[in-house]
Amino acid sequence: MSAHDGEAPDVDPVTGYETTGHDWNGIKELNTPFPIFVITILGLTVVYSIIAWLLLPAWPTGRDYTRGLLGLDQGEMAVAGYQRLADGREDWMARFVAGDFDAIVADQALMAKAMPAAHRLFLDNCAACHGTDATGGPGFPDLADSDWLWGGDPATIAETLRVGINSPHPETRFAQMPAFGHDQMLERAEIETLTSYVQALSTGQADPDGEGGTLFADNCASCHGDGGVGGLGIGAPSLVDGHWIYGGDRATIFATLQRGRQGVMPTWADRLSEAEINLLAVYVSGLAAEHEALASR
Amino acid sequence: MLRLHYNLEKISMGLVAAIIVAASIGGIVEIAPLFTVDETVTIPDDMRPHTPLELAGREIFMREGCYACHSQMIRTLADEIDRYGPYSLPSESAYDHPMLWGSKRTGPDLARVGGKYSDPWHVAHLIDPRAVVPASIMPAYPWLMEPLDTGNLGAELATLARLGVPYTEEMATNAAADALAQGNPDSDGAADVATRYGEKVAIRAFDGDPARLTEMDALVAYLQSLGTLTDVAFETEEVKVPEEAP
């Protein structure tokens, strides 16, 4: 039976706690009070939430929200935090804004600070295509060799980074391998001949006076240079160095001649700052020497 | 206080009412701001909606579950700004129904991936991620080279228009044709896509073959559009960069 109003609560003599007042054939249920610890923590969380409501942005008020006494704003804090990051780098990063590359490369202390940052930047932005070790892959040039399509000095690399190749940038570098077969500039047999000639070029066994040599001089040499040595700085690769962007096997060369190629280097002008572009340019221009040093060790 | 609770527990309907009141506060705080979302999220002047082809790519992005590993929200943290660019603003996903912010990153954030890599890279990467990123754990999606089904695009645009995305009736009627034209820059309809959706829209053979419109075209078009619909974040979140050497 439950305890009636006005009656003294039923207290268990052993524990000293009240019972619930229910009595099941002599069995009573203790009404153990909440532990003080739990009650205290509950009270503290309530107190904390009230303090937080006062100090921090908290309650929605229709078209606005309570701003809090501290006036904190996550967006502003993030931008301020980024500003601090940028300011922390400024002592050496500022040198890269001007882009005096000779002086930068000669400054050992500056390079020691800058190159690890450049490596990070390379991994975040460039490694997806050119590889984490910068050796490229099918369709994406190797940056760690000394063959360059547009030029390997820092200033030229910086310009390539800024405007891109075949990119949407208005000043983009433009390079196109025409689709000689698909656009019916050459017969299939002529493409077969040229394929053999280009393969022979890369092994130094080409005969420039043969049929392939004539075809090459008429159709390819204006971009790839006499004898396919490249190096004209117009995006056409050397064909004699044994390095291939898309592949040097017969089927790939045939496909290149048949359907053309128009590789894209994105423009980084909007994504990276001028200083970051110059930093990467110095880093990339030094990759070839770095890899040669590693290989000769 | 505890005695009040003790007595309340004995009145079952009172307890039910109290639970409903307590639980509702949490719900109201979350839901109430949504009633005024039209007034608190300003649509930027230069904002454009996705083209039909990009929208089809968005559907494929959802179908393949890309959002499970890739978020589309740069958070308000200094390191995120350093790596990905300005943090995401609510207005940038105002036309997304549903939004694809995501909450987990196994792969990188994609909110500003548009234009970062070339189309051939995206194609090679989606067909076999290991071909270009040897350490990648992303699954391969070779079936994306199948033809794209554009049958539902018109109805999808009309539905989104009812949700407030500024698609006109003309856009909805021409949705399938515009999707086809965006993947073929030499087609007659390519100019219409630029007229309807703006000159900044990329009109290319995204998968490298202008003759066929594949799911790859759609997905790459969508990925290349991410972060390019408006420049508002770049304009409002100014970070001072050193302009001249000291």
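In this text, all values refer to a predicted model and were calculated from it rather than measured experimentally. (Residues numbered from 1 in each chain as written. Chains lettered and ligands numbered in written order. Predicted model: local features only at pLDDT ≥ 70, side-chain atom pairs only at ≥ 80, totals over all residues. Heavy atoms only, no water.)

## Describing the interface of chain A and chain B
Right, so step 1: Counting residues at the interface gives 31 residues for chain A, matched by 38 residues for chain B.
Right, so step 2: Roughly 3,100 Å² is buried in total at the junction of chain A and chain B, and carbon and sulfur atoms are behind 62% of that figure.
Right, so step 3: Three residues, Tyr82, Ala128 and Arg271 of chain A, lead the burial of chain A against chain B; their summed loss comes to 18% of the area buried on that side.
Right, so step 4: Here chain A is connected to chain B by two salt bridges.
Right, so step 5: With a shortest N-O distance of 3.6 Å, Asp124 of chain A and Arg83 of chain B are connected by a salt bridge.
Right, so step 6: Where chain A touches chain B, the interface holds six residue pairs in polar contact (both at pLDDT 80 or more).
Right, so step 7: At the level of secondary structure, the elements contributing two or more residues to the side of chain A that touches chain B comprise helix H2 (74-98), helix H4 (108-125) and helix H5 (127-130) of chain A.
Right, so step 8: It is H2 of chain A that provides the largest number of residues to the side of chain A that touches chain B, a total of 14 residues.
Right, so step 9: The residue makeup of the side of chain A that touches chain B, split by class, is 16 nonpolar, seven polar and eight charged. (Contact = heavy atoms within 4.5 Å. Buried area = accessible area lost by both parts, 1.4 Å probe. Salt bridge = Lys/Arg side-chain N within 4 Å of Asp/Glu carboxyl O. Polar contact = N/O pair within 3.5 Å; in protein donor to acceptor, adjacent residues only side chain to side chain. Helix = DSSP H or I, 4+ residues; strand = E, 2+ residues; numbered from the N terminus. Nonpolar A, V, L, I, M, F, W, Y, C, P; charged D, E, K, R; others polar.)

## Details of the domain arrangement of chain B
Accessible area lost when the parts come together is the quantity often used to give the size of an interface.
Right, so step 1: Domain parsing of chain B yields domain 1 (2-39) and domain 2 (44-232).
Right, so step 2: Here domain 1 of chain B and domain 2 of chain B have C-alpha centroids that lie 42 Å from each other. (Domains from an automatic or database assignment.)

## Points about the packing of helix H4 (residues 52-63) of chain B against helix H10 (residues 175-182) of chain B
All names here are of chain B.
Right, so step 1: With their axes 7 Å apart at the nearest point, H4 and H10 run at an angle of 90 degrees to one another. The pairing of H4 with H10 is recorded here as roughly perpendicular in orientation. Contacts between H4 and H10 pair Pro52, Leu53 and Glu54 from the former with Ala175, Asp178, Ala179 and Gln182 from the latter.
Right, so step 2: Partitioned by chemical class, the residues of the contact of H4 with H10 number four nonpolar, one polar and two charged. (Axes fitted to C-alpha atoms, helices over the stretch in contact; angles between N-to-C directions. Parallel < 35°, antiparallel > 145°, perpendicular 65-115°, else oblique.)

## Here's the deal with the packing of aromatic side chains
Right, so step 1: Scanning all chains against the criterion turns up seven aromatic pairs over all chains.
Right, so step 2: Between Tyr141 of chain B and Trp143 of chain B, the ring centres sit 5.6 Å apart and the planes meet at 75 degrees, which makes this aromatic pair edge-to-face.
Right, so step 3: A relative accessible area of 12% places Tyr141 of chain B in the buried class.
Right, so step 4: For Trp143 of chain B, a relative accessible area of 40% puts it in the partly exposed group.
Right, so step 5: Over the ring of Tyr65 of chain A we find Arg67 of chain A, and its NZ or CZ is 4.3 Å from the ring centre.
Right, so step 6: Lying across the ring of Tyr246 of chain A, Arg261 of chain A places its NZ or CZ 4.2 Å from the centre. (Phe/Tyr/Trp six-rings, centres within 6.5 Å; stacked < 30°, edge-to-face > 60°. Buried < 20%, exposed > 50% of the residue type's maximum accessible area, 1.4 Å probe, protein only. Lys NZ or Arg CZ within 6 Å of the ring centre and 35° of its normal.)

## Concerning the environment of Thr252 of chain A
Right, so step 1: Relative to the helices and strands, Thr252 of chain A resides in helix H10 (residues 250-259).
Right, so step 2: Along the chain, Thr252 of chain A and Leu215 of chain A lie 37 residues apart, while their C-alpha atoms are 19 Å from each other.

## What to know about the domain arrangement of chain A
Right, so step 1: Parsing chain A into structural domains produces domain 1 (36-65) and domain 2 (127-295).
Right, so step 2: Each of domain 1 of chain A and domain 2 of chain A was reduced to a C-alpha centroid, and the two centroids are 63 Å apart.

## Quick notes on the pairing of strand E2 (residues 27-30) of chain A
Residues and elements named next belong to chain A.
Right, so step 1: Relative to E2, strand E1 (residues 19-24) runs antiparallel, the two being bridged by three bridges. Along E2, the bridge assignment pairs Thr19 with Leu30.
Right, so step 2: Counting the residues in the hairpin turn of E1 and E2 gives two residues, including Asn25, whose phi is positive at 45 degrees. (Pairing = 2+ DSSP bridges.)

## Some points on unusual backbone geometry
Right, so step 1: In the segment running from His97 of chain B into Pro98 of chain B, the intervening peptide bond is cis, with an omega of -5 degrees.
Right, so step 2: Look at Gln184 of chain A: it is not a glycine, yet its phi comes out positive at around 55 degrees.
Right, so step 3: Note on placement: Gln184 of chain A falls in the loop between helix H6 (154-163) and helix H7 (188-203).

## Concerning the side chain of Asn166 of chain A
Right, so step 1: Note on placement: Asn166 of chain A falls in the loop between H6 and H7.
Right, so step 2: When residues no more than four places from it in sequence are discounted, the contact partners of Asn166 of chain A are Thr172, Arg173, Phe174, Ala175, Gln262, Gly263 and Val264 of chain A.

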